[in-house]
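Per-entry structural report
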Amino acid sequence: MFDINQIKNPEFIKDLTYKEKLILAEDIRKFLIESVSKTGGHLSSNLGIVELMIALYDVFDYKNDEFLFDVGHQSYIHKIFTGRAQEFDTLRKYKGLSGYINRKESPYDIWESGHSSTTISAMAGLLLANGKNSKKHVVSIIGDSSIMNGVSLEGLNYLGGLKEYHPIIIFNDNKMGISKSVGALAKVFGRLRNKKLLIKLKKFLNAALPKAMVNNFHQVKRGIKGFIQRDNIFEDLGFDYYGPIDGHDLKAVTKALDRVKDVEGPVIIHVLTKKGKGYKYAEEDDLGNFHGVGPFDIETGKPLQAPVLNKHSYSEIVTESLCKLREKESFYVITPAMKVGAKLDKFALRYPESFIDVGIAEEHATVMSAGLTLGGKKVVLLMYSTFSQRAYDFFLNDICRQNLPVVIGLDRAGVVGADGPTHQGIYDVAMFSSMPNVKILMPRDANEVMGLFNTALRCDTPVVIRYPRASEIVDFNAFSLTETPFAWEIIKDGKKGIVLSYGNNLDRILKLIEDNNLDLMLVNARLIKPLDYKMLSYLESLNLPYLVIEEVVESGSLYASLRENTKHKVSHINFDVNTILPHGSIKEVLDDYGFSDEDFLREMKKLYEN
């Protein structure tokens, strides 16, 4: 038995017997299950690569070689092997261990990849920087969903031509991203992993021949494979392809890594793994519920926090709204691999002909939405706020510049909590504010979600609807199909100043105003861009100072727009564009970065001083 908490570095692995390594794998899985059951986190992806990680640190030199994890949430075992197991009780907690690669945590965290598909291109840069004669190996560990992204394919295309360098790509094929992989490449990978004759032949050659002879006969093996396997995209791109290999066969994985360690040219090792390996409920999870999970009971696999009756996330509220709207009119819902994350399963099940998951391909999803709209179809394009940034140019040129009426739903807008700096949804308003024709809105509550999507489907321009990573008690049976106007609304009158905000902060602000008997007007500025000039004209006539509160960066914000369109003083609470928000609970992050009740009260009381 290994005390995982006492691991300081992975040097000890090289001295273990095969049986001891198997025991280590079992103990790591037990540690991960117990730790993540208490803190929550990305469980399945890490359980699936235990043997792979043991082999990686057995074969390579962790002090000299560079390991790039794509996406960074599959790095838990790397964190354990580099001396951070004792910190796992702080995983994803405020000021605790990050759930992703974090260069500030360890010198062995080489590449911060909160978003997928970047490590192959990063590898190209590192290889060139290290130089042709470098003794340092650079290894990318990337999954089958991530490698299908356009950025990965661009990197593969470039690296395949660098014959004088030695990129090593470990293609971790578990047939799932968050949920099941989709598209034509998924089928190609399926054919690669199902060539039984090839697998038997490879096992025979590997077992029968010594390492040197196997390396010398590799071209012969490629010729044999050519007859069996005619659609190997990796070899077509210039890579030596090794696989498929059972990723849970420690001997086979170690042997493959050892074999390719010092061969020349670009290499891809294709390993087949089971996401969630070693934990029954995660292994049987076809929906992706154990991809990212909250604290749970190990014996039952059930969440520790009992569900509250009629309490639903905004993702669920949006899906319910779209289901109700789809009952009365036709439109497409398109998402880039966010079927599970954005809780779209219900819509996909009820209206499969109207639902399209394109995989991790935000740019493609955006341009395809534009094409569908040009063809006369209504489209709702849904993704996380943070992922929309990956498609900036396509939103700008292919939707907004052409003024195409695509409805864009941005999930997890504002502070997102435990996923940390790469996932904070505080930049989308700045991004879309820089684009022509687009309207940007954020609902106050569940009923406004339904109303805004209903109105947006009747709009003749692009519409962005933001919604937070939050939950609300709501009775879906009471949902109204009434349209919500794209306009500001006065929630409470007041004579000392005007507070403008939007989203789920409005009710908290209203309570603070009422509890403290503040004579302030509160405006629901649900229309962030353009300003509601009709309402603004009325507010200007009151000759009062403004305070704008919004969970976004200052650049391109409602505050920035209002400041340019008023003669009165405007104060604000938002984030400086240079602020990088850490991981932690949403409340902890907000409280520490100027969004506590005390911060709100202090700024609202300043309005009395004018």
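What this report covers is the structure whose coordinates are included nearby. This structure is a prediction, so every number in the text was calculated from the model and none was measured.

1. Section: unusual backbone geometry
In most cases, non-glycine residues show a negative phi, while peptide bonds are predominantly trans. Following glycine 243, the chain continues into proline 244 via a peptide bond in cis, with omega recorded as 0 degrees. Relative to the elements of secondary structure, proline 244 occurs in strand β4 (residues 240–246). The omega torsion across lysine 529 and proline 530 is -10 degrees, close enough to zero to call that bond cis. Counting through the fold element by element, proline 530 comes out in the loop between β17 (527–529) and α22 (533–541). Positive phi, normally seen in glycine, also occurs at asparagine 310, with a value near 65 degrees. Within the secondary structure, asparagine 310 is located in the loop between α13 (280–283) and β6 (311–313). Non-glycine residue asparagine 437 carries a positive phi angle of around 75 degrees. Within the fold, asparagine 437 resides in the loop between α19 (428–433) and β11 (439–441). A relative accessible area of 36% means that asparagine 437 is categorised as partly exposed.

2. Notes on the side chain of glutamate 320
Counting through the fold element by element, glutamate 320 comes out in helix α14 (residues 314–326). The contacts of glutamate 320, once residues within four sequence positions are left out, are Lys346, Phe476 and Phe479.

3. A word on the layout of surface pockets
Its boundaries defined by the atoms lining it, the second largest pocket holds a volume of some 540 Å³. Lining the second largest pocket are 25 residues, and of these Asn102, Glu112, Pro421, Ile580 and Leu581 lie nearest its centre.

4. Some words on the sheet that holds strand β9 (residues 379–384)
Reading across from one edge, β8-β7-β9-β10-β12-β11-β17 is the order of the seven strands in this open sheet, with mixed pairing throughout. A single partner strand is all that each edge strand has here, and the edge strands are β8 (355–357) and β17. With strand direction ignored, the average angle separating the axes of adjacent strands in the sheet is 20 degrees. Across three bridges, strand β7 (residues 332–335) lies against β8 in parallel orientation. Residue pairing across strands places valine 333 opposite phenylalanine 355, the latter belonging to β8.

5. A few points about the nonpolar core
What tends to happen in soluble globular proteins is that the nonpolar side chains get buried as a cluster. If you look at the biggest cluster of nonpolar residues, it comprises 83 residues, and the most contacted ones within it are Phe395, Phe432, Phe453, Trp488 and Leu500. Leaving out residues up to four positions away in the same chain, leucine 500 has contacts with Trp488, Val523, Ala525, Leu539, Tyr546, Leu547, Val548, Ile549, Leu558 and Leu562. In terms of nonpolar packing, the next biggest core, distinct from the first, is built from 55 residues, Leu43, Leu56, Phe81 and Leu257 among them.

6. Let's talk about the sheet that holds strand β19 (residues 570–575)
Overall, mixed pairing links the five strands, which are arranged β14-β16-β15-β18-β19 in an open sheet. Both edges of this open sheet fall to β14 (489–492) and β19, since each of them pairs with a single strand only. Shown here is a sheet whose adjacent strand axes are inclined to one another by a mean of 25 degrees, direction ignored. Relative to strand β16 (residues 521–524), β14 is paired through three bridges, and the arrangement is antiparallel. Paired with glutamate 489 across the bridge in β16 is asparagine 524.

7. Some thoughts on the pairing of strand β5 (residues 267–272)
The buried fraction of β5 is high, at five of six residues. Where strand β3 (residues 168–173) lies against β5, six bridges are found, and the strand directions are parallel. Across the sheet, residue isoleucine 169 finds its bridge partner in β5, namely isoleucine 268. Strand direction decides the pairing type here: β4 and β5, joined by five bridges, are parallel. Considered in β5, the bridge of isoleucine 245 is made with valine 271. In the classification by handedness, the crossover that spans β4, the intervening helix α12 (residues 250–260) and the parallel β5 is right-handed.

8. Quick look at empty space enclosed by the protein
Under the counting rule described, the total for this entry stands at two cavities of 30 Å³ or more. Computed from the structure, the largest cavity encloses a volume of approximately 80 Å³. Among the elements that make up the lining of the largest cavity, the one with the highest residue count is strand β18 (residues 546–553) (three residues). A class-by-class count of the residues in the lining of the largest cavity yields five nonpolar, four polar and three charged.

9. Observations concerning helix α25 (residues 597–606)
In an α-helix, one full turn covers 3.6 residues, which means residues spaced three or four apart are oriented alike. Every buried residue of α25 is accounted for by Asp599, Phe600, Leu601, Glu603 and Met604. Where α25 is buried, its residues contact β15 (498–501), α21 (506–515), β18, β19 and α24 (586–592).

10. Quick notes on the environment of isoleucine 426
With respect to the helices, strands and loops of the structure, isoleucine 426 is situated in the loop between β10 (407–411) and α19. Separated by 151 residues in sequence, isoleucine 426 and valine 577 have C-alpha atoms that sit 9.4 Å apart. Discounting residues that sit within four places of it in the chain, isoleucine 426 has contacts with Gly414, Val415, Glu551, Val552, Val553, Phe575 and Leu581.

11. Some points on the environment of phenylalanine 486
Tracing the backbone through its elements, the reader meets phenylalanine 486 in the loop between β13 (471–473) and β14. Among the residues examined, phenylalanine 486 registers a relative accessible area of 18% and is labelled buried. Ignoring sequence-local partners within four residues, the contact set of phenylalanine 486 consists of Lys439, Leu441, Leu452, Thr455, Ala456, Cys459, Val463 and Leu527.

12. Some remarks on the pattern of salt bridges
Counted by the stated rule, this structure contains 28 salt bridges. For aspartate 591, the salt bridge identified is with lysine 587, shortest N-O distance 2.6 Å. Here lysine 587 and aspartate 591 lie together in helix α24, a separation of four residues that amounts to about one turn. We classify aspartate 591 as partly exposed; its relative accessible area is 30%. Look at lysine 587 and you get exposed, because its relative accessible area is 59%. A salt bridge links lysine 606 to glutamate 603; its shortest N-O distance comes to 3.1 Å. Of the two residues, lysine 606 and glutamate 603 both sit in helix α25, three residues apart, roughly one turn of that helix. With relative accessibility at 13%, the residue glutamate 603 sits in the buried group. Overlapping salt bridges bring together Lys79, Arg84, Glu105 and Asp109 as one network.

Reading the values: the criteria
- Residues numbered from 1 in each chain as written.
- Predicted model: local features only at pLDDT ≥ 70, side-chain atom pairs only at ≥ 80, totals over all residues.
- Heavy atoms only, no water.
- Helix = DSSP H or I, 4+ residues; strand = E, 2+ residues; numbered from the N terminus.
- Buried < 20%, exposed > 50% of the residue type's maximum accessible area, 1.4 Å probe, protein only.
- Contact = heavy atoms within 4.5 Å.
- 1 Å grid on protein atoms, 1.4 Å probe; cavity = no way out; pocket = protein on both sides within 12 Å on 5 of 7 lines; lining within 4 Å.
- Points joined across faces, edges and corners; volume = space filled by probe spheres on them.
- Pairing = 2+ DSSP bridges.
- Axes fitted to C-alpha atoms, helices over the stretch in contact; angles between N-to-C directions.
- Core = buried A, V, L, I, M, F, W, Y, C linked by side-chain atoms within 4.5 Å.
- Right-handed = clockwise from strand over helix to strand, strands pointing away.
- Nonpolar A, V, L, I, M, F, W, Y, C, P; charged D, E, K, R; others polar.
- Salt bridge = Lys/Arg side-chain N within 4 Å of Asp/Glu carboxyl O.

Function cannot be read off these values alone, since they describe shape.
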